[in-house]
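# An overview of the molecular structure
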Amino acid sequence: MGFKVTPWEVEGEVDYDKLIKEFGTSPLTDDILERVKKITGELHPFLRRKIFFSHRDFDWILDMYEKGVPFAIYTGRGPSGHTHLGHMMPWIFCQYLQERFDVNMYFQITDDEKFMHRRELTLEKTRHYGYDNALDFVALGFDPEKTFIFSDIDYAKTLYGIAVKIAKNVTFSTVKAVFGFTNSTNIGMIFFPAIQGVPCFLPSELEKRKAPVLIPAAIDQDPYWRVTRDVAEKLGYYKPAAIHNIFFPSLEGPSGKMSASVGQSAIFTVDTPEKVRKKVMNAFTGGRETVEEQKKLGGNPQVCTVFQYFYFLFEPDDAKLEERKAACKSGELLCGYCKKELADRLVIYVREHQEKREKAKKVLDQFLLKD
Ligand code: TYM
């Protein structure tokens, strides 16, 4: 079965090994993970479980760090609606990196991109969602002294000067080939890759040094880094490095990612406990038709979205995760019970996050860069 991954859509069942080859990235090897472990003391579950599975030059970032050259972290959000747990994956990982490596963090809100890409969205809406989504980011515990958040619209004057330097060196035929743009693509979107490239170089400008930059994001954003890496050295900067995560799956089945445009497929950070429970209870599982069959034949955690939730975020203990898997396969653990356990954990997680999100409203200003 085929699949498609672009920054704007993910279709079908993604074959990540194939994607590494197609995109020309490198797998995250055990050697690299060992190096991270030496520096950080312990590996984040996202690394242990290869949820971050691929990279560009992450080993070079570690070389530089070991030589005493700190890197900056860069990630972002295209604000088309509320934040879901999939969006939070790279952000949770960024917070871990900032804490362990004690480095600066840059967060771009592409309110321009989502406005230009989605016909139904007004600029007022994307700008509103931008700052609303930024609350979810701040709620994760970033250091206000070392974290810089900016909207493309509100920080345009600074960003534009770097964007035109990138744009001058990227042809239409390149972005057509990389992003699949056609003659009916609006010209804003054709220019936009230059804007998403800017924060790869912004740390060098603001920190007044040639700064290595590491971008944690899902693999869908990689086409931007391909284009930016090609122009970096010409402009006197280092090529940005990247580390890529896989997609948090949809609650509706194993193929397809959690998507903001399909409400039932995702848990949003603003969901009520009732909504969260309902979505989990309706989730696609690897269970059998009847309880009797399930007890006799066991379930299939491989295709189960509920199990995936435990794997991604809600069971960080590897031994307990294995126990859950074994109990499912043996037929001992039934879907209804497993769903209830997940819903309980999710409700607590979302409630605690919402509390932090409320507090973030009071401090957001400390994080913002504006012209
Ligand atoms: P956006 O808003 O589509 O996504 C925000 C971040 O979430 C990742 N992501 C996911 N990760 C795991 N599972 C999923 N189901 C899932 N869906 C989305 C995305 O890869 C992204 O990291 N153009 C960007 C905004 C942006 C950006 C950046 C992102 C600007 N600069 C630098 C990453 C890094 C966008 O629309 O992301």
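Please refer to the structure placed before this passage.
Everything numeric here is computed off the predicted structure, so don't read it as measured data. (Residues numbered from 1 in each chain as written. Predicted model: local features only at pLDDT ≥ 70, side-chain atom pairs only at ≥ 80, totals over all residues. Heavy atoms only, no water.)

Attention shifts here to the site of the ligand. With respect to spatial proximity, 27 residues lie near the ligand, and among them Arg77, Gly78, Glu113, Gln196 and Asp220 are the closest. Contacts to the ligand include lysine 114, whose side-chain N or O atom sits 3.5 Å from an oxygen atom. The contact in question runs from a nitrogen atom of the ligand to an N or O atom on the side chain of glutamine 196, over 2.8 Å. When the ligand sits alone it has 680 Å² of accessible area, and the protein chains cover 98% of it. Among the secondary structure elements, those contributing two or more residues to the shell around the ligand are β5 (72–77), α5 (85–101), α6 (111–117) and β8 (213–218). Within the shell around the ligand, the residues separate by chemical class into eleven nonpolar, eleven polar and five charged. (Near = heavy atom within 4 Å. Polar contact = N/O pair within 3.5 Å; in protein donor to acceptor, adjacent residues only side chain to side chain. Areas by Shrake-Rupley, 256 points an atom, 1.4 Å probe, with all protein chains shown as cover. Helix = DSSP H or I, 4+ residues; strand = E, 2+ residues; numbered from the N terminus. Nonpolar A, V, L, I, M, F, W, Y, C, P; charged D, E, K, R; others polar.)

Another aspect to go through is the packing of helix α2 (residues 30–40) against helix α4 (residues 58–66). With their axes 10 Å apart at the nearest point, α2 and α4 run at an angle of 30° to one another. In terms of their interaxial angle, α2 and α4 are classed as roughly parallel. Crossing hand, α2 versus α4: left-handed. Contacts between α2 and α4 involve Ile32, Arg35, Val36 and Ile39 on the former and, on the latter, Phe58, Asp59, Leu62, Asp63, Tyr65 and Glu66. Looking at the contact of α2 with α4 residue by residue, the classes come out as six nonpolar, no polar and four charged. (Axes fitted to C-alpha atoms, helices over the stretch in contact; angles between N-to-C directions. Parallel < 35°, antiparallel > 145°, perpendicular 65-115°, else oblique. Left-handed = near helix turned anticlockwise from the far one by under 90°. Contact = heavy atoms within 4.5 Å.)

A word on the side chain of threonine 25. Tracing the sequence through the fold places threonine 25 in the loop between α1 (16–23) and β3 (26–27). Residue class for threonine 25 comes out buried when judged on its relative accessible area of 9%. A distance of 2.8 Å separates polar atoms of two side chains, one belonging to threonine 25 and the other to serine 54. The residues contacting threonine 25, other than those within four sequence positions of it, are Ile20, Ser54, His55, Arg56, Ile219, Asp222 and His244. (Buried < 20%, exposed > 50% of the residue type's maximum accessible area, 1.4 Å probe, protein only.)

With respect to the secondary-structure elements, threonine 285 resides in the loop between α13 (273–281) and α14 (291–297). Accessibility expressed as a relative area gives 18% for threonine 285, which makes it buried. Apart from the residues lying within four places of it in its own chain, the contact partners of threonine 285 are Cys304, Val306, Cys335 and Lys339.

Glancing now at the packing of aromatic side chains. Pairs of aromatic rings are described using the distance from one ring centre to the other and the angle between the two planes. Per the stated rule, a full pass over the model turns up 30 aromatic pairs. Consider the rings of phenylalanine 192 and tyrosine 224, whose centres lie 5.9 Å apart with planes at 85°: the pair is edge-to-face. Linking phenylalanine 192 in helix α10 (residues 187–197) with tyrosine 224 in helix α12 (residues 222–232), this pair joins segments that are 32 residues apart in sequence. Pairwise contacts between aromatic rings join Trp8, Tyr74, Phe179, Phe181, Phe192, Tyr224 and Trp225 into one cluster. The positively charged end of arginine 226 is found above the aromatic ring belonging to phenylalanine 23, 4.6 Å away from the centroid. Over the aromatic face of phenylalanine 310 sits the side chain of arginine 324, whose NZ or CZ is 3.8 Å from the ring centroid. (Phe/Tyr/Trp six-rings, centres within 6.5 Å; stacked < 30°, edge-to-face > 60°. Lys NZ or Arg CZ within 6 Å of the ring centre and 35° of its normal.)

With respect to topology, seven strands assemble into an open sheet ordered β3-β4-β9-β8-β5-β6-β7, the strand pairing being mixed. The sheet is open, and its two edges are formed by β3 and β7 (147–151), each paired on a single side. Bridging between strand β4 (residues 52–56) and strand β9 (residues 241–245) involves four bridges; their strand directions are antiparallel. Across the sheet, the residue bridging to arginine 56 is alanine 242, located in β9. Along the sheet, α1 makes contact with β3 and β4, crossing β4 at roughly 5°. The sheet strands contacting α12 are β4, β5, β8 and β9, and the helix crosses β9 at an angle near 170°. (Pairing = 2+ DSSP bridges.)

This brings us to helix α7 (residues 123–138). End to end, α7 covers 23 Å across 16 residues, agreeing with the expected 22 Å (1.5 Å per residue, within 8%). Here α7 has its buried residues at Thr126, Tyr129, Gly130, Tyr131, Asp132, Asn133, Ala134, Leu135, Asp136, Phe137 and Val138. Each element contacted by the buried residues of α7 is listed here: β5, α5, β6 (105–109), α6, β7 and α17 (335–367). (Expected span 1.5 Å × (residues − 1).)

Here we come to the nonpolar core. In this structure, Leu47, Phe58, Ile149, Tyr309 and Leu346 are the most contacted members of the largest nonpolar core, which totals 79 residues. Residue contributions to this core peak at ten residues, all from α5. Judged by nonpolar contacts, the second largest core, of 29 residues, contains Tyr74, Ile162, Ile215 and Leu369. (Core = buried A, V, L, I, M, F, W, Y, C linked by side-chain atoms within 4.5 Å.)

With that settled, the discussion passes to the packing of helix α8 (residues 156–167) against α10. Two elements in contact, α8 and α10, have axes whose closest approach is 8 Å; the angle formed by their N-to-C orientations is 120°. One finds that α8 runs oblique with respect to α10. Handedness of the α8/α10 crossing: right-handed. Facing Tyr160, Ala163, Ile166 and Ala167 of α8, the residues of α10 in contact are Phe191, Ala194, Ile195 and Gly197. Of the residues assigned to the contact of α8 with α10, the class counts are seven nonpolar, one polar and no charged.

Read these as spatial facts, not as claims about activity.
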